[in-house]
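Per-entry structural report
Residue-level listing of the chains:
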Amino acid sequence: AQSVSQHNHHVILSEAASLELGCNYSYGGTVNLFWYVQYPGQHLQLLLKYFSGDPLVKGIKGFEAEFIKSKFSFNLRKPSVQWSDTAEYFCAVEYNQGGKLIFGQGTELSVKP
Amino acid sequence: DGGITQSPKYLFRKEGQNVTLSCEQNLNHDAMYWYRQDPGQGLRLIYYSQIVNDFQKGDIAEGYSVSREKKESFPLTVTSAQKNPTAFYLCASSIVSTSTGELFFGEGSRLTVL
């Protein structure tokens, strides 16, 4: 079955710390990969996406993610987090272009000022 | 302002009652989706529709029903058959023709069954 797994449920960091959130997906052929973010009280919005090409993609607010095909992973990174990065982060995979998105369980990030 | 409007934002219902959540979009998107968000479980797909008058079940369709009579509208009915309906419901839309996969979300509807 198609599935997406996020290993960390809740991450707590101090400002300026580096961030890496894990995301793995089950094999299913060609995939498009996404990270969405949900800030407190706001709706879900796209952080970054990967369709093809350079496996290192850059998104908004200094976030980046690396697609490692051999590991079926698409980890999210940020060199130095800010208090305003406090949010819930969701990894999502689109199997077979044009299909539905499968979401991971979400990772809640709390950044202490 | 283009976007997705969900209503109501908060809804309380007694057990055994059907409730309908509204979702309207003015983005001219072909596809619309309903997800359910529960703590620690992420978003799970209930139903989706890629074209008017057609829709498909998602992973957790039991106890829910939808209709897609107009491109802009995709209402979700939570029926009395849904065993655990208290949840946060998210509607989303996307452009199918370009297959970008990017979803645009509404602000959600929180349903509490008493």
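Everything that follows concerns the structure shown earlier in this document.
Now for a look at the structure at hand. (Residues numbered from 1 in each chain as written. Chains lettered and ligands numbered in written order. Predicted model: local features only at pLDDT ≥ 70, side-chain atom pairs only at ≥ 80, totals over all residues. Heavy atoms only, no water.)

**Overview of the overall build of chain B**
Formally: In DSSP terms, a helix is any run of H or I states spanning at least four residues, a strand is any run of E spanning at least two, and both are numbered starting from the N terminus. Atoms considered for the radius of gyration are the C-alpha atoms alone. The globule rule reads 2.2 Å times the number of residues to the power 0.38. Only protein chains enter the accessibility calculation, which uses a 1.4 Å probe. A residue is then buried if its area is under 20% of the maximum for its type, exposed if over 50%, and partly exposed in between. By definition in these notes, contact holds between two residues if any of their heavy atoms fall within 4.5 Å.
Across its full length, chain B holds zero helices and eleven strands. When the helices and strands of chain B are placed in sequence order, the string is β-β-β-β-β-β-β-β-β-β-β. Here the C-alpha radius of gyration of chain B, 13 Å, is about what a compact globule of 114 residues would show, namely 13 Å. Expressed as a percentage of its 114 residues, the buried residues of chain B come to 47%. Within chain B, residue pairs in contact and separated by at least 24 positions form 52% of the contacts whose partners lie at least 6 positions apart.

**Describing the layout of surface pockets**
Over the atoms, a rolling probe the size of a water molecule traces out where space has been left empty. Using the following cut-off: Cavities and pockets were defined on a 1 Å grid built from protein atoms only: a cavity is a group of points that admits a 1.4 Å probe but offers it no way out, a pocket is an open group of points flanked by protein on both sides within 12 Å along at least five of seven lines, and a lining residue is one with an atom within 4 Å of any such point. Grid points are joined across faces, edges and corners, and a volume is the space filled by probe spheres set on the points. Gly counts as polar in this scheme, as do all residues outside two lists: the nonpolar Ala, Val, Leu, Ile, Met, Phe, Trp, Tyr, Cys and Pro, and the charged Asp, Glu, Lys and Arg.
What the largest pocket holds in volume is close to 530 Å³. Forming the boundary of the largest pocket are 27 residues, of which Gln 38 and Gly 41 of chain A together with Gln 37, Phe 88 and Arg 110 of chain B lie nearest the centre. A breakdown of the residues in the lining of the largest pocket according to their chemical character gives nine nonpolar, twelve polar and six charged. Estimates place the volume of the second largest pocket at around 210 Å³.

**Focus on the interface of chain A and chain B**
Convention followed: Note: buried area is the sum, over both parts, of the accessible area (probe 1.4 Å) each one loses when the two are combined. For this analysis, a salt bridge means a side-chain nitrogen from Lys or Arg found within 4 Å of a carboxyl oxygen belonging to Asp or Glu. Throughout this description, a polar contact denotes any pair of N or O atoms lying within 3.5 Å of each other; where both atoms belong to protein, one of them has to be capable of donating a hydrogen while the other can accept it, and for residues adjacent in sequence the pair is counted only when both atoms sit in side chains.
Residue-level contacts link 21 residues of chain A with 21 residues of chain B. In total, chain A and chain B occlude about 1,600 Å² of area from one another, counting both sides; carbon and sulfur atoms represent 55% of this. Three residues stand out in chain A for area buried against chain B, namely Leu 44, Lys 100 and Phe 103 of chain A, and they jointly supply 31% of the buried area on that side. Taken together, the connections running from chain A to chain B amount to one salt bridge. Residue Glu 102 of chain B is joined to Lys 49 of chain A by a salt bridge in which the shortest nitrogen-to-oxygen separation is 3.6 Å. The interface formed by chain A and chain B includes four residue pairs in polar contact (both at pLDDT 80 or more). Of all elements in the fold, only strand E5 (31-38), strand E6 (45-50), strand E10 (87-95) and strand E11 (101-103) of chain A reach the threshold of two or more residues within the side of chain A that touches chain B. For the side of chain A that touches chain B, the leading source of residues is E5 of chain A, giving four residues. Here the residues of the side of chain A that touches chain B sort into nine nonpolar, eight polar and four charged.

**Quick notes on the packing of aromatic side chains**
Heads up, the rule is: Under the pairing criterion, centres of Phe, Tyr and Trp rings, with the six-membered ring standing for Trp, must be within 6.5 Å; the plane angle then separates stacked pairs below 30 degrees from edge-to-face pairs above 60, leaving the rest tilted.
Overall, the coordinates contain 15 aromatic pairs over all chains when judged by the stated rule. Ring centres of Tyr 36 of chain A and Phe 105 of chain B lie 5.7 Å apart, and the angle between their planes is 85 degrees; this geometry places the pair in the edge-to-face category. Here Tyr 36 of chain A is found in strand E5, whereas its partner Phe 105 of chain B is found in strand E10 (residues 104-105) on a different chain. Here Tyr 36 of chain A and Phe 105 of chain B have matching classes, each one buried. With a centroid separation of 5.6 Å and 45 degrees between ring planes, the pair formed by Phe 63 of chain A and Tyr 89 of chain A is classed as tilted.

**Side note on the state of the cysteines**
Put simply, the rule reads: Working definition: a disulfide is two cysteine sulfur atoms within 2.5 Å of each other.
Applying the stated rule across the entire model yields two disulfides over all chains. Between the sulfur of Cys 23 of chain A and that of Cys 91 of chain A lies a disulfide, 1.9 Å long from S to S. A torsion of -65 degrees about the S-S bond marks the disulfide between Cys 23 of chain A and Cys 91 of chain A as left-handed. Placement of Cys 23 of chain A in the loop between strand E3 (19-21) and strand E4 (24-25) and of Cys 91 of chain A in strand E10 is noted, with a sequence separation of 68 residues between them. Put simply, Cys 23 of chain B and Cys 91 of chain B are joined by a disulfide, and their sulfur atoms are 1.9 Å apart. Its S-S torsion of about -75 degrees marks the bond between Cys 23 of chain B and Cys 91 of chain B as left-handed, since a negative value means left-handed. Pair noted here: Cys 23 of chain B is in strand E3 (residues 19-25) and Cys 91 of chain B is in strand E9 (residues 87-94), with a separation of 68 residues, a long-range link. Considered together, Cys 23 of chain B and Cys 91 of chain B belong to a single accessibility category, that of buried residues.

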